[in-house]
Amino acid sequence: MPAIGGISNGGGNKEYPGNLTPFVTVTCIVASMGGLIFGYDIGISGGVTSMDPFLLKFFPSVYQKKHQEGDSTDKYCQYDSQTLTMFTSSLYLTALLSSLVASTVTRKFGRKLSMLFGGVLFLIGALINGFAQRVWMLIVGRIFLGFGVGFANQSVPIYLSEMAPYRYRGALNVIFQLSITIGILVANVLNYLFAKIKGGLGWRLSLGGAIVPALIITIGSLVLPETPNSMIERGDHDGARAHLQRIRGVDDVDEEFKDLVIASEISKQVEHPWRNLLQRKYRPQLTMAILIPFFQQFTGINVIMFYAPVLFSSIGFHDDAALMSAVLTGLVNGASTIVSVFGVDKWGRRALFLEGGVQMLICQPSLELVETLVICQNGFAWSWGPLGWLVTSEIFPLEIRSAAQSVNVSVNMLFTFFVAQVFLTMLCRLKFGLFIFFAFFVLVMTIFVYFMLPETKGIPIEEMSKVWKAHPYWSKFVEDDDNGGGGVEMDRSKSY
């Protein structure tokens, strides 16, 4: 599909031999299960905060406001509690911090180890929350969950982008977002079922159930192979070549292997990747690493997902109906993400970004209606939801990849924390005028994508520098640098 707005991807794309092998498909599916822990948490936190036994035990003031008779306009304020929002949002603040640490682990010790840390830390948090007796135990459990999410979200998108053949990188990377949506859906279904359990133990089962996705990514990280990029970074060239031949399904991997080695050599020359991020030639990538996750959170859709039952309860649904409505939005979310899996490498990233932005802009002002909320969720789930992780994982050259991905995750978690912390208060003050606020950012981000984001479909990950060189604005930042941050223009005559 041609680039929209006259911004091309540079043309003359290099083509590496290779197929979508069953081995790499299964490997990427297993790795993408790292998204389950993030998705499960998004879905579970809003559900338990709408359960009366949970509120009565930990947040009695919120429980009293929820069941207080009075002016119906107070329904928007019944969940307005900074302690309650801290329970939800504390995870994202610690995820921000852990993603910075994960950058070093991912770069020096491999992608698998970061994924393993993510699963183990999330498992510890799930156990603490499941057995919590005091609010402080809930917060401590959320902190461990946040550490796990930070490690997983930093390493899994990088792992997928490096393992996938470039022609199928979009689809395989979007499976990470599909995994997140599956986690949300499973959590919503379990919330609905567990809320019916007598004796008030349903919330413990919901929170403790997080051990299942934690075990999946923990065990998965132990059996997954390392990426060729990471193996080369750590000096195992022979193993990396053999592994590249296996995952590509062909013997002729010389050109791709040489490009990976060259990129690794440039990466080793970078002593301070965090400082290098500030260099002029990396300005396009750094801008995207900051603004894409910022805009993703200011669509308001993610916060709607983890406050969905609370939101539906606020607009008049009874508890069961509120939880069931959250299940409905989870189903829409999952189905729409599947569209992105099959369409992202066919239609391109920009087309989905722009269509999703226009769709959300149209429906944002009337989100008090369940129908428009579903349509808005639909637009997000096949555009800004998956592409916010995909594009930012595929545009970074190897020498700054781990650090830049940490910036991406950190910005994402910082603004997830901010929006989650103020959402219920803003809902109380602004009512559904809150979504006019989010609509403004949807408009700005759609304009930004139209003019500033080049198409990255079909570009090998180590050749991505060409999209910035061909862009009418970003080219002035990279035109003086022959390597363009990608580092694959070096001498290819050298034998590796």
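Residues numbered from 1 in each chain as written. Predicted model: local features only at pLDDT ≥ 70, side-chain atom pairs only at ≥ 80, totals over all residues. Heavy atoms only, no water.

1. Re the overall build of the protein
Piece 1. Summing up its helical and strand segments, the protein has 25 helices and zero strands in all.
Piece 2. Burial status across the protein gives 63% buried among its 496 residues.
Piece 3. The contacts in the protein between residues at least 6 apart in sequence include a share of 82% that link residues at least 24 apart. (Helix = DSSP H or I, 4+ residues; strand = E, 2+ residues; numbered from the N terminus. Buried < 20%, exposed > 50% of the residue type's maximum accessible area, 1.4 Å probe, protein only. Contact = heavy atoms within 4.5 Å.)

2. Points about the pattern of salt bridges
Piece 1. This model, assessed by the stated rule, comprises 11 salt bridges.
Piece 2. Across the salt bridge formed by Arg-349 and Asp-345, the nearest N and O atoms sit 3.0 Å from each other.
Piece 3. With relative accessibility at 1%, the residue Arg-349 sits in the buried group.
Piece 4. Among the ionic contacts, a cluster of salt bridges with common partners joins Arg-111, Glu-162, Glu-233 and Arg-401. (Salt bridge = Lys/Arg side-chain N within 4 Å of Asp/Glu carboxyl O.)

3. With respect to the nonpolar core
Piece 1. Within the largest apolar cluster, 119 residues are counted, with the highest numbers of intra-cluster contacts made by Phe-54, Phe-59, Met-288, Trp-384 and Met-413.
Piece 2. When residues of this core are assigned to their parent elements, the largest contribution, 11 residues, is made by helix H22 (residues 401-430). (Core = buried A, V, L, I, M, F, W, Y, C linked by side-chain atoms within 4.5 Å.)

4. Some points on empty space enclosed by the protein
Using a probe with the size of a water molecule, rolled over the atoms, empty space left in the structure can be pinpointed.
Piece 1. Using the criterion set out here, one finds seven cavities of 30 Å³ or more in the structure.
Piece 2. Its boundaries defined by the atoms lining it, the largest cavity holds a volume of some 170 Å³.
Piece 3. Lining the largest cavity are 21 residues, and of these Tyr-16, Ala-164, Tyr-166, Arg-248 and Glu-256 lie nearest its centre.
Piece 4. Among the secondary structure elements, those contributing two or more residues to the lining of the largest cavity are helix H7 (135-163), helix H11 (228-233), helix H12 (237-248) and helix H13 (254-269).
Piece 5. Within the lining of the largest cavity, the residues separate by chemical class into 10 nonpolar, four polar and seven charged. (1 Å grid on protein atoms, 1.4 Å probe; cavity = no way out; pocket = protein on both sides within 12 Å on 5 of 7 lines; lining within 4 Å. Points joined across faces, edges and corners; volume = space filled by probe spheres on them. Nonpolar A, V, L, I, M, F, W, Y, C, P; charged D, E, K, R; others polar.)

5. Some details on the side chain of Ser-402
Piece 1. Within the secondary structure, Ser-402 sits in helix H22.
Piece 2. Residue class for Ser-402 comes out buried when judged on its relative accessible area of 4%.
Piece 3. Once residues lying within four places of it in the same chain are set aside, the contact partners of Ser-402 are Ser-103, Thr-106, Arg-107, Gln-154 and Ile-158.

6. Details of the packing of aromatic side chains
Piece 1. In total, this model carries 32 aromatic pairs according to the counting rule given.
Piece 2. With a centroid separation of 6.4 Å and an interplanar angle of 55°, the aromatic rings of Phe-59 and Phe-87 are classed as tilted. Here Phe-59, found in the loop between helix H3 (52-58) and helix H4 (60-66), pairs with Phe-87, found in helix H5 (residues 82-109); they are 28 residues apart in sequence, far enough to count as distant.
Piece 3. Residue class for Phe-59 comes out buried when judged on its relative accessible area of 4%.
Piece 4. On the accessibility criterion, Phe-87 (1% relative accessible area) is buried.
Piece 5. The ring of Phe-58 is capped by Lys-57, whose NZ or CZ atom sits 5.7 Å from the centre of that ring.
Piece 6. The cationic tip of Arg-142 hangs over the ring face of Phe-87; the distance from NZ or CZ to the ring centre is 5.0 Å. (Phe/Tyr/Trp six-rings, centres within 6.5 Å; stacked < 30°, edge-to-face > 60°. Lys NZ or Arg CZ within 6 Å of the ring centre and 35° of its normal.)

7. With respect to the packing of helix H19 (residues 349-363) against helix H23 (residues 434-452)
Piece 1. Running from amino to carboxyl end, H19 crosses H23 at an angle of 155°, the nearest separation of the two axes being 9 Å. Compared by their axis directions, H19 and H23 come out roughly antiparallel. You can see that H19 and H23 cross each other, and the crossing is left-handed. Touching Arg-350, Phe-353, Leu-354, Gly-357, Val-358, Met-360 and Leu-361 of H19 are Ala-439, Val-442, Leu-443, Met-445, Thr-446, Val-449 and Tyr-450, all from H23. (Axes fitted to C-alpha atoms, helices over the stretch in contact; angles between N-to-C directions. Parallel < 35°, antiparallel > 145°, perpendicular 65-115°, else oblique. Left-handed = near helix turned anticlockwise from the far one by under 90°.)

8. Details of helix H8 (residues 169-194)
Piece 1. If you check H8, its first and last C-alpha atoms are 38 Å apart, about what 26 residues at 1.5 Å a residue would give, namely 38 Å.
Piece 2. Among the 26 residues that make up H8, 19 are buried, leaving the element largely enclosed by the rest of the structure. (Expected span 1.5 Å × (residues − 1).)

9. What about the environment of Cys-428?
Piece 1. Assignment of secondary structure puts Cys-428 in helix H22.
Piece 2. With a relative accessible area of 7%, Cys-428 lands in the buried category.

10. A closer look at the environment of Arg-111
Piece 1. Residue position: Arg-111 is located in helix H6 (residues 111-130).
Piece 2. For Arg-111 and Asn-229, which are 118 residues apart along the polypeptide, the C-alpha to C-alpha distance reads 9.8 Å.
Piece 3. If sequence neighbours within four positions are ignored, Arg-111 has contacts with Thr-106, Ser-155, Ile-158, Tyr-159, Glu-162, Glu-226, Thr-227, Asn-229, Ser-230, Glu-233 and Leu-398.

11. A few points about the packing of helix H15 (residues 283-297) against helix H21 (residues 384-394)
Any two packed helices are characterised by how steeply their axes cross, that is the angle between the axes, and by the distance between the axes.
Piece 1. Where H15 contacts H21, the axes come no closer than 10 Å and their chain directions differ by 170°. Accordingly, the angle class assigned to the pair H15 and H21 is roughly antiparallel. Crossing angle aside, the handedness with which H15 passes H21 is left-handed. Listed contacts from H21 to Met-288, Ala-289, Ile-292, Phe-295 and Gln-296 of H15 are Trp-384, Gly-385, Gly-388, Trp-389, Val-391 and Thr-392.
Piece 2. Of the residues contributing to the contact of H15 with H21, the split by class is seven nonpolar, four polar and no charged.

12. Some remarks on H15
Piece 1. The terminal C-alpha atoms of H15 lie 22 Å apart, and with 15 residues this matches the ideal 21 Å at 1.5 Å per residue to within 8%.
Piece 2. For H15, every residue scored as buried is listed here: Pro-284, Gln-285, Leu-286, Thr-287, Met-288, Ala-289, Ile-292, Pro-293, Phe-294, Phe-295, Gln-296 and Gln-297.

13. Some words on the confidence of the model for the protein
The predicted coordinates should not be examined in detail at positions where pLDDT is low.
Piece 1. Chain-level statistics for the protein give a pLDDT mean of 84 and a share of 87% at 70 or above.
Piece 2. When pLDDT is averaged over each element of the protein, H6 comes out on top at 95 and helix H17 (residues 308-314) at the bottom at 62.
Piece 3. Below pLDDT 50 for its whole length, residues 481-493 participates in 34 contacts with residues either more than four positions away or in separate chains. (pLDDT = per-residue confidence, 0-100.)

14. Here's the deal with a nonpolar patch on the surface
Piece 1. A cluster of nonpolar residues, Leu-215, Ile-219, Leu-222 and Val-223, forms a patch on the protein surface that exposes about 400 Å² of accessible area.
Piece 2. Structurally, Leu-222 can be placed in helix H10 (residues 211-223). (Patch = residues over 30% accessible without salt bridge, like charges linked within 9 Å, V, L, I, M, F, W, Y side chains within 5 Å. Areas by Shrake-Rupley, 256 points an atom, 1.4 Å probe, with all protein chains shown as cover.)

15. Here we look at the environment of Ile-175
Piece 1. With respect to the helices and strands, Ile-175 occurs in helix H8.
Piece 2. A relative accessible area of 15% means that Ile-175 is categorised as buried.
Piece 3. C-alpha of Ile-175 to C-alpha of Gly-35: the two residues are 140 residues apart in sequence and 8.7 Å apart in space.
Piece 4. In this view, Ile-175 contacts Ile-29, Ser-32 and Val-341; residues no more than four positions away in its chain are not counted.

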